[in-house]
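Coordinate inspection notes
Residue strings, one per chain:
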Amino acid sequence: MITFEQLGLDDRLVKATSELGYIHPTPIQEQAIPVLLGATQDLIGLAQTGTGKTAAFALPLLSIIKEDKKYPQALIVCPTRELCLQIVKEIVGFKKFMKEINVVAVYGGASISLQIRDIKRGVQIIVATPGRLIDLIERKAVNLEKIQYVVLDEADEMLNMGFQDDIEFILKNTPIRESTWLFSATMPAAIRKVSKKYMDNPVEITVGKANTVNTSIDHQYYVTAAQHRYETLKRLIDFNPGIYGIIFTRTKADAQNIAEKLTREGYDIDALHGDLTQPQRDRVMKQFRDRSLQLLIATDVAARGIDVKEITHVINYELPDDVEVYTHRSGRTGRAGSTGICISIIHSRESYRLKQIQKIVQAPFNKMEIPSGKDVCRKQFFSFMDRLLSADVSHGDYESYVPMLEERFADISKEEVLKRVAALEFDRFLQYYENAGDLNVRPGENRADRRDRQTGRDRRDRGGDNDRRGQRKDRDNRDFQGDTTRLFINIGTKDGFYKASFLQFILDMSDLRKDVLGRIDMKEMNSWVEIDKNAATQMVRSLDGKKFKGRKIRMNDAETGGRR
Ligand code: AMP
């Protein structure tokens, strides 16, 4: 694999990237940096955010700029204030050993006089949003005459936001421009037109497929009735206890209403939409970045340029009107090598729109079942147990409380204590989900079917035939009492399992439901699982021979010793 040094960058930049923890260039960096170091070649980079495109243009820019000349030589134009600040932040990191280079961010919604003062200090690089830049040009605070390099970042977003004229103005008024570097996630006709008009024989680099989203994103969708959208959203949030995500709505009103409703119900969420003042917006973004907010709900316009790391989920509360917007939304997760999930909540008549999106994204979309109330409770329960077991008790003087605790709990068994802890934590969920209906819309199902299922009735209640769903419901509700067998497995408490997490593990691996299981005996090295005879084969097939922490799992019939 190639290194930053081999790309021909200034030594000080190589040192800075290494300090930032960059080991190898990303594909766009590997392809773009050698071209851009030449300083005269126009370039089109088709790349999503998260591919490392900022460094792909910032590093060569820092290499070719004349440090001793204290006037603007490079202009980076991008759609939003957030992106401006993000780019400047990265450049500041890269130029750590190049003290003579100055960079400034200019964007709307902040004091223009302070920005003018910063520019006058002698900057070589200006990072700007189009509107504010034009404003500064008109006030003669910025002179484009000596600009040699123009970078257009997220060009498609800028055109979507109506900045086409501003961009053309900038390109027309940079008379000694030596090269233009355009980066975009998609390549709509309008961008082609701009590039034909203002760029000279550009080299084109595509990372991944043009118009596609990142392959590290798992695209999932859930089908529900339109009136159950909110309920479904809530259930999906509850089913993912560690979620750190952005929910997209089409309207400001939806963003606001849902945020208010969820806040009232105890969720850490706030809304980002066009009606917020800049300080309000900054406050929300800060809380989200600090993770004091677990969820952010936003309209597309308000979310432009947001770059927050480690977003686990993007949720489309509704599909966007414009299919390309989907790409931008989903690109907020799965960044820089991590993986993410993009969830869409749709109703059955929206399937055709999903197909259109799928065509553009060119990635598989997985249809998922909306979890049942029971599933949610189980998930929450296990997450809570994991938190309990991994709670850090090394700080604080907990030891000194132990005798007191022992005295207080002397007459209560460990089981009772655990039950009460669980009750304190879970009452909200258990009460809410106790009688929760099924929110899925299934193919071919009519309204009456759905209503019955959602309220927990099956067809027999209406005197109709027993159907497959009715049978399944019976199974879900009974405690297993049928014919059992015992399975042996070479996994035990030494592998870090306790009974509940082990049970979750074997159920997850085998895709079986809890009610097929009976007694579980765990020893250090091995365990024994009592299971419905009819489910035993599936369990053995799903686990036997698979790897756990590098070790091969052996599972077989405990009575006969043989494989099933
Ligand atoms: P971008 O596509 O420019 O928004 O970059 C996404 C993230 O990847 C940023 O947080 C960068 O700091 C990070 N990044 C960029 N290049 C590399 C690299 N070569 N190695 C590791 N991280 C990188």
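Note that this is a predicted model, so its numbers are computed, not measured. (Residues numbered from 1 in each chain as written. Predicted model: local features only at pLDDT ≥ 70, side-chain atom pairs only at ≥ 80, totals over all residues. Heavy atoms only, no water.)

1. Details of the overall build of the chain
We count it as follows: Only DSSP runs of H or I with at least four residues qualify as helices, and only runs of E with at least two residues qualify as strands; both kinds are numbered from the N terminus onward. Per-residue accessibility, obtained with a 1.4 Å probe over protein chains only, is compared with the maximum for each type, and a residue is labelled buried under 20%, exposed over 50%, and partly exposed between these values. Shrake-Rupley sampling with a 1.4 Å probe provides the accessible areas, and residues are treated as covered by the protein chains on show and by no other component.
Counting secondary structure elements, the chain contains 22 helices and 20 strands. Residues counted as buried form 50% of the 564 residues belonging to the chain. For the chain, the exposed area adds up to about 28300 Å²; of that, 49% sits on carbon and sulfur atoms.

2. Describing the nonpolar core
The line we're drawing: Note on terminology: a nonpolar core comprises buried Ala, Val, Leu, Ile, Met, Phe, Trp, Tyr and Cys residues joined through side-chain atoms within 4.5 Å. Note on definitions: a residue-residue contact is assigned when non-hydrogen atoms from the two residues lie within 4.5 Å.
Within the largest apolar cluster, 43 residues are counted, with the highest numbers of intra-cluster contacts made by Phe 57, Ile 76, Ile 91, Ile 125, Val 127 and Trp 181. Looking at this core element by element, the count peaks at 8 residues for helix H3 (residues 53–64). Look past the residues within four positions of Ile 125 in its chain and what remains in contact with it is Leu 62, Ile 65, Ala 74, Ile 76, Ile 91, Ile 101, Asn 102, Val 103 and Val 104. Of all hydrophobic cores here, the second largest spans 35 residues; its members include Leu 75, Val 77, Val 104 and Val 150.

3. Thoughts on the pattern of salt bridges
Our working rule: When a carboxyl oxygen of Asp or Glu is within 4 Å of a side-chain nitrogen of Lys or Arg, the pair counts as a salt bridge.
Inspection of every chain in the model, using the stated rule, returns 29 salt bridges. The partner of Arg 250 in a salt bridge is Glu 318, with the nearest N and O atoms 3.8 Å apart. One end of the pair, Arg 250, is in the loop between strand S9 (245–249) and helix H11 (252–264); the other, Glu 318, is in the loop between strand S12 (313–316) and helix H14 (323–330), with 68 residues separating them in the sequence. On the basis of relative accessibility, which here comes to 33%, the residue Arg 250 falls in the partly exposed class. Of the residues examined, Glu 318 reaches a relative accessible area of 14% and is grouped as buried. We note a salt bridge from Arg 353 to Glu 350, for which the minimum N-O separation is 3.8 Å. Across the pair, Glu 350 and Arg 353 agree in class, each one buried. Among the charged side chains, a salt-bridge network with shared partners connects Arg 81, Glu 82, Arg 281 and Asp 282.

4. Some words on H14
Buried residues dominate H14, accounting for 7 of its 8 residues. Every buried residue belonging to H14 is among Val 323, Val 325, Tyr 326, Thr 327, His 328, Arg 329 and Ser 330, and all of these are buried.

5. Some points on the UniProt feature "domain: DEAD-box RNA helicase Q" (unreviewed entry) in the chain
For clarity, the cut-off: UniProt positions are given in the numbering used here, feature names are shortened, and annotations may be inferred rather than shown by experiment.
Feature annotation in UniProt places "domain: DEAD-box RNA helicase Q" (unreviewed entry) on residues 2–30, given in this structure's numbering. Between the end C-alpha atoms of residues 2–30 the distance is 8 Å, and the span holds 45% helix and 0% strand.

6. Some words on the packing of helix H2 (residues 27–37) against H3
Cut-off, in case you're wondering: Each axis is a line fitted through C-alpha atoms, taken for helices only over the stretch in contact, and angles between the N-to-C directions span 0 to 180 degrees. Oblique is the label for any angle not covered by the other classes, which are roughly parallel (under 35 degrees), roughly antiparallel (over 145) and roughly perpendicular (65 to 115). Left-handed describes a crossing whose near helix is turned anticlockwise from the far helix by less than a right angle; the clockwise case is right-handed. Residues are grouped as follows: Ala, Val, Leu, Ile, Met, Phe, Trp, Tyr, Cys and Pro are nonpolar; Asp, Glu, Lys and Arg are charged; every other residue, Gly included, is polar.
Between H2 and H3, the shortest axis-to-axis distance is 9 Å and the interhelical angle comes to 25°. Considering the angle they form, H2 stands roughly parallel to H3. In terms of crossing hand, the pair formed by H2 and H3 is right-handed. Two secondary-structure elements touch here, H2 through Ile 28, Gln 29, Ala 32, Ile 33, Leu 36 and Leu 37 and H3 through Lys 53, Ala 55, Ala 56, Phe 57, Leu 59, Pro 60, Ser 63 and Ile 64. Residues that form the contact of H2 with H3 fall into these classes: 11 nonpolar, 2 polar and 1 charged.

7. Examining the pairing of strand S2 (residues 74–77)
Worth spelling out the cut-off: We treat two strands as partners when DSSP finds at least two bridges between them.
Here S2 shows two buried faces, one formed by Ala 74 and Ile 76 and the other by Leu 75 and Val 77. Relative to strand S4 (residues 125–128), S2 runs parallel, the two sharing 4 bridges. If you follow Ala 74 over to S4, its bridge partner there is Ile 125. Bridge count between S2 and strand S5 (residues 149–152): 4 bridges; the pairing is parallel. Paired with Ile 76 across the two strands is Val 151, which belongs to S5.

8. What about the sheet that holds strand S1 (residues 43–46)?
Pairing is parallel in the open sheet, where 7 strands are placed in the order S3-S4-S2-S5-S6-S1-S7. The strands lining the two open edges of the sheet, one partner per strand, are strand S3 (103–106) and strand S7 (203–206). Taking the axes of each pair of neighbouring strands and ignoring which way they run, one obtains an average angle of 15° across the sheet. Set on the sheet, helix H6 (residues 130–138) makes contact with S2, S3 and S4; between it and S2 the angle comes to about 140°.

9. Regarding the pairing of strand S8 (residues 217–223)
Most of S8 is tucked away: 6 of the 7 residues are buried. As paired elements, S8 and strand S13 (residues 340–346) share 7 bridges and run parallel to each other. Bridge assignment links Asp 218 to a residue of S13, and that residue is Ile 341. Note that S8 and strand S14 (residues 365–368) share 4 bridges and pair parallel. Its bridge partner being in S14, Tyr 221 is matched across the sheet by Lys 367.

10. Thoughts on the side chain of Asp 153
Formally: Side-chain atoms alone can form a polar contact between residues adjacent in sequence; in general such a contact is a pair of N or O atoms within 3.5 Å, and within protein one must be able to donate a hydrogen while the other accepts it.
Tracing the chain through its elements places Asp 153 in the loop between S5 and helix H7 (155–160). According to the relative accessible area criterion, Asp 153 is buried, its value standing at 0%. In terms of polar contacts, Asp 153 uses its side chain to reach the side chain of Lys 53, at 2.9 Å. Not counting the four nearest positions on each side in its chain, Asp 153 is found in contact with Lys 53, Phe 57, Val 77, Cys 78, Pro 79, Leu 83, Ile 87, Met 158 and Phe 183.

11. As for the sheet that holds strand S16 (residues 517–522)
Spatial strand order, S16-S17-S15-S20: 4 strands in an open sheet with antiparallel pairing. The open sheet has two free edges, formed respectively by S16 and strand S20 (555–557), since each of these has just one partner strand. Going across the sheet, the axis of each strand differs from the next one's by a mean of 25°, ignoring polarity. Taken together, the 4 bridges between S16 and strand S17 (residues 527–532) define a ladder with antiparallel strand orientation. Of the residues in S17, the one forming a bridge with Asp 521 is Trp 528. Where helix H21 (residues 499–510) meets the sheet, it contacts strand S15 (484–489), S16 and S17, and its direction lies at approximately 125° from that of S16. Helix H22 (residues 533–543) rests against S15, S16, S17 and S20 of the sheet, and its axis sits at about 135° to S17.

12. What to know about a nonpolar patch on the surface
Basically, it comes down to this: Residues enter patches when they are more than 30% accessible in relative terms and free of salt bridges; like-charged ones are connected within 9 Å and nonpolar ones (Val, Leu, Ile, Met, Phe, Trp, Tyr) within 5 Å.
A surface patch of nonpolar side chains, about 630 Å² in accessible area, is lined by Val 393, Tyr 398, Tyr 401, Met 404, Leu 405 and Phe 409. Examined against the element boundaries, Tyr 401 turns out to sit in helix H17 (residues 398–408).

13. Quick notes on the packing of aromatic side chains
Here is the rule we go by: Pairing of aromatic rings covers Phe, Tyr and Trp, the last counted by its six-membered ring, and requires centre-to-centre distances within 6.5 Å; plane angles under 30 degrees mean stacked, over 60 mean edge-to-face, and any other angle means tilted.
As enumerated under the stated definition, the model contains 13 aromatic pairs in all. Ring geometry for Phe 4 versus Tyr 22: centroids 6.2 Å apart, planes at 35°, classification tilted. Of the two residues, Phe 4 is situated in the segment before helix H1 (11–19) and Tyr 22 in the loop between H1 and H2; the sequence distance between them amounts to 18 residues. Taken together through their ring pairs, the aromatic side chains of Phe 497, Phe 502, Phe 505 and Phe 548 make up a single cluster.

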